[in-house]
Amino acid sequence: MKWDEFFVTGDPLIYGADVSIALTLIGVIFVLTYFKKWKWLWTEWLTTVDHKKLGIMYVMAAVMMLFRGGVDALLMRAQLTVPDAGFLDSTHYNEIFTTHGTIMIIFMAMPFLIGLMNVVIPLQIGARDVAYPFLNAVSFWTFFMGAMLFNISFVIGGSPSAGWTSYVPLAGLELSPSVGQNYYLLGLQIAGIGTLLTGINFLVTILKMRAPGMKLMQMPIFTWSSLITSVIIVFAFPVLTVALALMTFDRLFGSHFFTLMDGGMPMLWANLFWIWGHPEVYIVILPAFGMFSEIISTFARKTLFGYKAMVYSMVVIAGLSFLVWVHHFFTMGAGGAVNSFFSITTMLIAVPTGVKIFNWLFTLYKGRIKFTTAMLWSLAFIPNFVIGGVTGVMLAMAAADYQYHNTYFLVAHFHYVLISGTVYACFAGLHFWYPKMFNHRLNEKLGKWTFWIFVAGFNLCFFPMYFLGLAGMPRRVYTYGAADGWMSLNVLATMGGVLMGIGFLILVYNIYFSFRYSPRETTGDPWDGRTLEWATAAPVPFYNFAHVPEVKGHDAYWIAKKEGRAKEKKPYKPIHMPSNSGVPVIMSTFFFISGFGMVFSWHWMSIAGLIGVLATMVIRSFDYDKGFYVSVEEIEKHEQTTE
Amino acid sequence: MANNEQTHSHFPWSHVIGFALSIILTLFALWVGFESGLSNTMIVVVVVGLALIQATIQLVMFMHMTESEDSKYQTGTILYALFIAIAVVVGTIWVMSFGMSHM
Ligand code: HEM
Ligand SMILES: [Cu+2]
């Protein structure tokens, strides 16, 4: 292989990216060295097993990925604004919609939610960490390395271009001979390990680590939604793992699981992909539902209406989400019985979702609503998500779907659920729990600017797409003719896209601005919260709770405040905590090396990487470090801020 | 984390045996598929049988299915797992056998 096959060449945009990546790297290395921060980086962040710090890293990585995916999106919108535009050619366009979709779902939405789960869940259930802190670090680092592996594809070797769904035969060796598709397979495989571990970790954490007295039916609703999400992760991700592995065999080792020849079944890929894929969309929406519930209840200043109905509807969703996957390929033509069955299950799943909408509305009813930024996102979510859900039910009708499928109508549907569901929730949750992460609030004024601009932009961008779809515009086309008559709606959509970009930039500025100028928290309870995370000191000490809280019902901290128990003084006892470890980040680096080797079929490299992985596992197995105790004096020092 | 401090000092025999058995069963399945010369239906039957045996071994030897006392979560999980497994396998066969030439 020659160097100009290794590096992507010939495109000024890519050269620009090369230069900016190199400059960023040099800048980071320089700053770290100049301020002598290497050791700090290693001990405070790279080796940490603290769920709050891992959560912060997840969220930061997700915001970076949101930027990358957002740039992809704006490039696509730029190309589609006018007919016959020459800004991107078809290959380039294909690569960009592929990386956009993959990054947004796998490397933005999930890590953002998992990051917030990491920060919040142990605090909400009154625990000092997750059940397996070490594993939690492995989760983060495998996700991060998988994401990096996927992301370098556009400067080294070339990006995948077969869509985030990677249907074969298009994604097979004959039609996608470049290494791009291998990046997809291995990046997702490595990141998937992390997600699966997170599912297991949070399942055990929520079942086993709750503060004494907290019954299952008294858990905060975000904790419930994370529990259900974890269950879905544990059962859905193995399917993706296997499907990715089979396609990897097909591409690297000449097997025939999904090929056209030799008895392969191309549609089996689509089948396996969506057996994972539909539960996946619930993985990214359920935590969002949980966050909205917490925020709405806090700022409507009422307990959540219909808590039990909320819980049961999520349990039903966890079951049904595995019974609807065929709605993504009705047009395969599996026959009337199959399509009717999956049509009906799909419509059924809209029922528990609808139940939740009414619960939020009734929680708001007669509440004394405070319009904070977090609350505004939650309020905007309700009508926008309803639009997405109702159009989903339209798509669920198999016969009608032959018209909608693969048009912009579908694109509008899933952006209405994913952006106004997941992305609004990420922003809402970020504003809401920011004080727990960084000990100051995000600026409300800037937050509201982001909110209005982004929400306006979102609706301007995606509402016209429903009509583009009805007018016949197919998805994943890189251009169209003037005679198609799609230009005016496309211009609107691009304007909306630009507004969303501006909203995002204001958010990033807000992070900087608040870091500089926001007053630091003093109480740990900035919003007059209801659940236990607001009972921790400001800043949250690394052991979370000096005393493990006692829970006497739903909205535990609210009850404690009402009974005057919130600020009780009791003698402290030493606290046992897990030690940091460098193994997770090193192990994941080996995964990266091995994955990179496999992408290029450099087997010496992939084997060396795997040996490294194995070695770190052995080292971990013989690690008898049992953690350490925090002394009473140190606890006293930390707790002084809460007076 | 903190409260889980009982040490496992004895050698993890059941893990080693389970690991070895899993590898042997996998290799055997491979042999049945490539070398045994059985009819296709027989191959499928044998391989599925081996898969079930291996699943049992893993549940007992790695997942400690028999060692836990709180049986409520246990039964719940097993039932849910069964539900998903059946939905996925039966569903896939049903879906993929319509209108496809390769079956
Ligand atoms: C009210 C419940 C929902 C129903 C009835 C529904 C229905 C559907 C149907 C039938 C399709 C396939 C349409 C086609 O390909 O022609 C679809 C696609 C999709 N839905 Fe939904 N959906 C619902 C909720 C959601 C949620 C909550 C999310 C994620 C947060 C979501 C994300 C997606 C995505 C990403 C796709 C398209 C993926 C692709 O082809 O690239 N949906 N939905
Ligand atoms: Cu779906």
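Refer to the structure printed above.
**Comments concerning the coordination of the iron atom of ligand 1**
Then, in step 1: For the iron atom of ligand 1, the protein supplies a single donor, A:His413 (NE2), at a distance of 2.2 Å.
Then, in step 2: Turning to its location among the elements, A:His413 is positioned in helix H14 (residues 408-438).

**Focus on the coordination of the copper ion (ligand 2)**
Residues and elements named next belong to chain A.
Then, in step 1: Protein coordination at the copper ion (ligand 2) comes from His278 (ND1), His327 (NE2) and His328 (NE2), with a distance range of 1.9 to 2.0 Å.
Then, in step 2: Coordination of the copper ion (ligand 2) draws on donor residues from a single chain, spaced H-x48-H-H in sequence.
Then, in step 3: Distance-wise, the iron atom of ligand 1 is placed 4.5 Å from the copper ion (ligand 2). Highlighted residues: His278 in helix H9 (residues 266-300) and His327 in the loop between helix H10 (307-320) and helix H11 (336-364), separated in sequence by 49 residues.

**Some words on the packing of H11(A) against helix H12 (residues 373-396) of chain A**
All names here are of chain A.
Then, in step 1: Packing of H11 against H12 brings their axes to within 10 Å, and their N-to-C directions diverge by 160 degrees. Classed by the angle they form, the pair H11 and H12 counts as roughly antiparallel. By crossing handedness, the relation of H11 to H12 is classed as left-handed. Where H11 abuts H12, its residues Ser343, Thr346, Met347, Ala350, Thr353, Ile357, Trp360, Leu361 and Leu364 lie against Met375, Leu379, Phe381, Ile382, Phe385, Val386, Val393 and Ala396.
Then, in step 2: When its residues are assigned to classes, the contact of H11 with H12 shows 14 nonpolar, 3 polar and no charged.

**So, a nonpolar patch on the surface**
Residues and elements named next belong to chain B.
Then, in step 1: A contiguous nonpolar patch, built from Leu59, Val60, Met63, Met65, Ile78, Leu79, Leu82, Ile86, Val89, Val90 and Ile93 and spanning about 950 Å² of accessible area, is present on the exposed surface.
Then, in step 2: With 7 residues, the single largest contributor to the nonpolar patch is helix H3 (residues 71-96).
Then, in step 3: On the secondary structure map, Val60 appears in helix H2 (residues 40-61).
Then, in step 4: Note on Val60: relative accessible area 33%, which makes it partly exposed.

**Some remarks on the site of ligand 1**
All names here are of chain A.
Then, in step 1: Surrounding ligand 1, one finds 23 residues, the nearest of these being Trp164, Asp401, His405, His413 and Arg475.
Then, in step 2: The contact in question runs from an oxygen atom of ligand 1 to an N or O atom on the side chain of His405, over 2.7 Å.
Then, in step 3: Here the shell around ligand 1 gets 6 residues from one element, more than from any other, and that element is H12.

**Details of the environment of A:Leu46**
All names here are of chain A.
Then, in step 1: Mapped onto the elements, Leu46 comes out in helix H3 (residues 38-46).
Then, in step 2: Sequence spacing of Leu46 and Pro584 is 538 residues, and the spatial spacing of their C-alpha atoms is 8.7 Å.
Then, in step 3: Leaving out residues up to four positions away in the same chain, Leu46 has contacts with Leu41, Trp141, Ser581 and Val585.

Rules and cut-offs
- Residues take numbers from 1 onward in each chain, read along the sequence in its written order.
- Whichever chain is written first becomes A and whichever ligand is written first becomes 1, with later ones labelled in order.
- The predicted origin of the model limits local features to residues at a pLDDT of at least 70 and limits the giving and counting of side-chain atom pairs to 80 or more, whereas totals for whole chains, interfaces and linings rest on all residues.
- For side-chain calculations, the full set of non-hydrogen atoms in the structure is used, while hydrogens and water are omitted.
- Donor atoms (N, O, S) are those found within 2.8 Å of the metal centre, with the cutoff raised to 3.2 Å for Na, K and Ca; water is not part of the atom list, so apparent gaps in a site can occur.
- A run of H or I in DSSP becomes a helix once it reaches four residues, and a run of E becomes a strand once it reaches two; helices and strands are each numbered from the N terminus.
- A fitted line through C-alpha atoms serves as each axis, taken over the contacting stretch for helices, and the angle formed by two N-to-C directions is quoted from 0 to 180°.
- Note on terminology: angles under 35 degrees are roughly parallel, angles over 145 are roughly antiparallel, angles of 65 to 115 are roughly perpendicular, and the others are oblique.
- Helix crossings fall into two classes, left-handed where the near helix is turned counterclockwise from the far one by less than a right angle and right-handed where it is turned clockwise.
- Residue contacts are counted whenever heavy atoms from the two residues lie within 4.5 Å of one another.
- Charged means Asp, Glu, Lys or Arg here, nonpolar means Ala, Val, Leu, Ile, Met, Phe, Trp, Tyr, Cys or Pro, and polar covers whatever is left, Gly included.
- Each patch is assembled from residues with relative accessible area greater than 30% and no salt bridge, linking like charges that lie within 9 Å and nonpolar side chains (Val, Leu, Ile, Met, Phe, Trp, Tyr) that lie within 5 Å.
- Where accessible areas are quoted, they stem from the Shrake-Rupley method and a 1.4 Å probe; at the residue level, only the protein chains shown are allowed to cover.
- Should a side-chain nitrogen of Lys or Arg be within 4 Å of a carboxyl oxygen of Asp or Glu, the pair is scored as a salt bridge.
- Burial classes follow relative accessibility: with a 1.4 Å probe on protein chains only, a residue under 20% of its type's maximum area counts as buried, one over 50% as exposed, and anything between as partly exposed.
- The nearness test applies per residue and asks whether one of its heavy atoms lies within 4 Å of the molecule or strand.
- Polar contact is the term for a pair of N or O atoms within 3.5 Å; when the atoms are in protein, one must be able to donate a hydrogen and the other to accept it, and sequence-neighboring residues count only if both atoms are side-chain atoms.

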